Amino acid sequence: MVRDRAQAGQWLISHRVEKAKREYGMNGMNGTDGKKTGFLAPFRQFRFFRLFRHLSSSRARALLIVSACLFAGYFLTPVLLNEAAEGLIREDPLVKADVIVALGGDRLCNREKRAAELYHQGWADNVVVSGLRYASGFHTGEAARAYVVNLGVPAEKISMISETLNTRAEAKVLDGLMRERGWKSAIIVTSAFHSRRAMYTIEKTARDGVFHSSPVPTGYPEWEPYAWWSRRGDVFLTVRELVSWVNTLASGWQ
Amino acid sequence: MERKRRWARRALISLSLLLVVCVALFFALPTLLIAPANVAKSDVILHGSISPHSTADEYVVDLYRQGVARKIVCLSSQVSWELYPGDYARERLISLGVPAEDVVSLRLPVAPCAAVNLPRIVEFVKAHGWRSALLITHPEDSRYASIVARRFFEREGVSIAVSYAPEDRAALTRSWWRTHWKTQRMVGETMSITLDLFYAECR
């Protein structure tokens, strides 16, 4: 199983590093009891490397390096992929704010549900939902508002931002709304995979405000960072988010 | 030294070629993704092109008036709380003159890819005794949809044709690389097609 490979990779790294620390000291260069020293010294313990100790030709060395890279890559890739997905998430400690903002685009309304929970816990007195108007005449923001009302948030406490096709547009409209209402701080609720980019975009756009991220808890079926490559839906969301990060950092399509 | 330089040159040429191929593929996306519209007389129109930018409702009504099909099914998954775009598309088609008894909305579960819901749609079509269908989709989805849908429908003995609103195609392909939502849809479709190849449930 690919999932086990990730665990095996982590175990292999920690086990070997600990062993190397015991035998060669912390940095592997301060051996004083006759043991070999040098940057590569910790790796000499690997039996795999000892097999090649008599080989001197450059071709053999290249083979050794390529084999080692493939071997390490096999175990390290899942670890790195998990770390990359974890890096998309930003979660801040909750503090009392003026408004809770549920960003749009969640078909299952987990963001709105989380915003209503935070409202009931007393973290803010206002809620903002977001949405789009479709050509057929309906508005996803209206449905989101109805859902939040259904969850017990008074209708007069809910504001709606509209026609926000992407995070940057959403940040601009939110900035305008916060200035208009005199709100200084906000708790941003969005999907976990979207949270770091949303916060980056909003903080860059609305420089006067103070923002805290409270992402929707991760977990399949919505999105799960662990072993995300094993699920088609999670791969799409993760890769799309990474591509969107490139676009955001390059200040590309708006 | 000379050998290293030769390798560096080869690597540089390979990278440049790769970059050129990527750029060419990017700008060729409309040609690669959008198939020629194929309107065939059918028992039912499956209207699956419901989005903030689509004008397919009018196109579907035109097809209905031309007698291309006598029934319309609006297909959609939830986009917000208890919100199925197909329900609203149905209302709109009725307001545009389609008799209410000729148009229905089929609610589908949220799925990671189209292939997951296709068996449900095929079952629905078969249950009504329809033997041919015209699928109206988003332009960028047309080539792939025709390949995937054909596999599912024809296996069950239902013939299928795929089309899209010409206005949607014109709007989507006009300076598409400069507009966020258009690029997002082209790239998203490309990603979806690529990923579907790797996941059994989507093939």
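Residues numbered from 1 in each chain as written. Chains lettered and ligands numbered in written order. Predicted model: local features only at pLDDT ≥ 70, side-chain atom pairs only at ≥ 80, totals over all residues. Heavy atoms only, no water.

Student: Just checking my understanding: could you explain the overall build of chain A for this structure?
Tutor: A tally of regular secondary structure across chain A gives 8 helices and 5 strands. The helix and strand sequence of chain A, counted from the amino end, reads α-α-α-β-α-β-α-β-α-β-α-β-α. Among the 254 residues that make up chain A, the fraction classed as buried is 44%. Residue pairs in contact within chain A that sit at least 24 positions apart in sequence constitute 69% of those at least 6 positions apart. Here chain A has roughly 13600 Å² of accessible surface; of this, 58% comes from carbon and sulfur atoms. (Helix = DSSP H or I, 4+ residues; strand = E, 2+ residues; numbered from the N terminus. Buried < 20%, exposed > 50% of the residue type's maximum accessible area, 1.4 Å probe, protein only. Contact = heavy atoms within 4.5 Å. Areas by Shrake-Rupley, 256 points an atom, 1.4 Å probe, with all protein chains shown as cover.)

Student: Even after reading the chapter, I still don't get the overall build of chain B, so can you show me in this structure?
Tutor: Helices and strands together make up the secondary structure of chain B, namely 8 helices and 5 strands. Secondary structure elements of chain B, listed N to C terminal, follow the sequence α-α-β-α-β-α-β-α-β-α-β-α-α. Taking the principal axes of its C-alpha atoms as reference, chain B extends roughly 80 × 35 × 35 Å. Evaluated residue by residue, chain B yields a buried proportion of 46% over its 203 residues. The contacts of chain B with a sequence gap of at least 6 include a subset with a gap of at least 24, amounting to 77%. As displayed, chain B offers around 10400 Å² of accessible surface, 60% of which is attributable to carbon and sulfur atoms.

Student: Looking at this structure, I do not really get the environment of C69 of chain A. What am I missing?
Tutor: Residue and element names in this part refer to chain A. Position of C69 relative to the elements: it lies in helix α3 (residues 58–86). According to the relative accessible area criterion, C69 is exposed, its value standing at 51%. Between the C-alpha atoms of C69 and N110, which are 41 residues apart in sequence, the distance is 42 Å.

Student: Explain the nonpolar core here, please?
Tutor: In a soluble, globular protein the nonpolar side chains are often hidden away together inside. All names here are of chain B. I45, I72, L93 and I136 are the most contacted members of the largest nonpolar core, which has 25 residues in total. Of all elements in the fold, only α3 (56–65), β2 (71–77), α4 (85–95) and β4 (132–136) reach the threshold of two or more residues within this core. Here the element with the most residues in this core is α3; it accounts for 6 residues. When sequence neighbours within four positions are dropped, the list of residues in contact with I136 reads I45, L46, H47, G48, S49, A56, Y59, V60, L63, S163 and Y164. (Core = buried A, V, L, I, M, F, W, Y, C linked by side-chain atoms within 4.5 Å.)

Student: Help me understand the interface of chain A and chain B in this model?
Tutor: Often, the extent of an interface is quoted as the loss of accessible area upon association of its parts. Listed by partner, the interface residues are 31 residues for chain A and 34 residues for chain B. For the pair chain A and chain B, the two sides together bury roughly 2700 Å², of which 68% comes from carbon and sulfur. Here chain A is connected to chain B by 1 salt bridge. In this structure, the salt-bridge partner of R232 of chain A is D196 of chain B, at a minimum N-O distance of 2.8 Å. Counting across the interface, chain A meets chain B through 8 residue pairs in polar contact (both at pLDDT 80 or more). Those elements that place two or more of their residues in the side of chain A that touches chain B are α5 (140–150) and α8 (232–249) of chain A. If you tally residues by element for the side of chain A that touches chain B, the top one is α8 of chain A, at 7 residues. Considering only residue class, the side of chain A that touches chain B consists of 16 nonpolar, 9 polar and 6 charged. (Buried area = accessible area lost by both parts, 1.4 Å probe. Salt bridge = Lys/Arg side-chain N within 4 Å of Asp/Glu carboxyl O. Polar contact = N/O pair within 3.5 Å; in protein donor to acceptor, adjacent residues only side chain to side chain. Nonpolar A, V, L, I, M, F, W, Y, C, P; charged D, E, K, R; others polar.)

Student: What is the right way to look at the confidence of the model for chain A in this model?
Tutor: As a general rule, the predicted coordinates of low-pLDDT regions are not to be interpreted in detail. Predicted confidence across chain A gives a mean pLDDT of 84, with 77% of residues reaching 70 or more. A low-confidence stretch, residues 26–34 of chain A stays under pLDDT 50, and its non-local contacts, those more than four residues away or across chains, total 13 contacts. (pLDDT = per-residue confidence, 0-100.)

Student: Hey, could you run me through the environment of E142 of chain A in this one?
Tutor: If you trace the backbone, E142 of chain A turns up in helix α5. Taking the C-alpha atoms as reference, E142 of chain A lies 16 Å from G152 of chain A; in sequence the two are 10 residues apart.

Student: Could you clarify how one ought to interpret the sheet that holds strand β3 (residues 158–162) of chain A in this entry?
Tutor: Through backbone hydrogen bonds, the strands of a sheet pair up, either in parallel or in antiparallel fashion. Residues and elements named next belong to chain A. Across the sheet, 5 strands lie side by side as β3-β2-β1-β4-β5; this open sheet has parallel pairing. The open sheet is flanked by β3 and β5 (210–213), the only strands paired with a single partner. This sheet shows a mean twist of 25° between the axes of neighbouring strands, independent of strand direction. One ladder, built from 4 bridges, connects strand β1 (residues 99–102) with strand β4 (residues 185–189); its direction is parallel. Paired with V101 across the bridge in β4 is I188. Lying over the sheet, helix α6 (residues 167–181) contacts β1, β2 (127–131), β3, β4 and β5, oriented at roughly 140° with respect to β3. With respect to the sheet, helix α7 (residues 192–205) is in contact with β4 and β5, its orientation differing from that of β5 by roughly 175°. (Pairing = 2+ DSSP bridges. Axes fitted to C-alpha atoms, helices over the stretch in contact; angles between N-to-C directions.)

Student: Quick question: what am I supposed to make of the packing of α7 of chain A against α8 of chain A here?
Tutor: Residues and elements named next belong to chain A. Between α7 and α8, the shortest axis-to-axis distance is 10 Å and the interhelical angle comes to 15°. As summarised for this structure, α7 and α8 are arranged roughly parallel, according to the angle between their axes. For the pair α7 and α8, the crossing hand works out as left-handed. Along its contact with α7, which presents F193, H194, R196, R197, Y200 and T201, the element α8 presents L237, R240, E241, S244, W245, T248 and L249. (Parallel < 35°, antiparallel > 145°, perpendicular 65-115°, else oblique. Left-handed = near helix turned anticlockwise from the far one by under 90°.)

Student: What exactly am I supposed to notice about the side chain of T167 of chain A here?
Tutor: Secondary-structure assignment places T167 of chain A in helix α6. Setting aside residues no more than four positions away along its own chain, T167 of chain A makes contact with H194, R197, A198 and T201 of chain A.

Student: Help me out: how do you make sense of unusual backbone geometry in this one?
Tutor: As a rule of thumb, non-glycine residues mostly have phi less than zero, and peptide bonds are mostly trans rather than cis. The backbone of A227 of chain A sits at a positive phi, close to 55°, despite the residue not being glycine. Position of A227 of chain A among the secondary structure elements: in the loop between β5 and α8. Note on A227 of chain A: relative accessible area 2%, which makes it buried. For S175 of chain B, which is not a glycine, the phi torsion comes out positive at approximately 45°. Position of S175 of chain B relative to the elements: it lies in the loop between α7 (166–173) and α8 (180–196).

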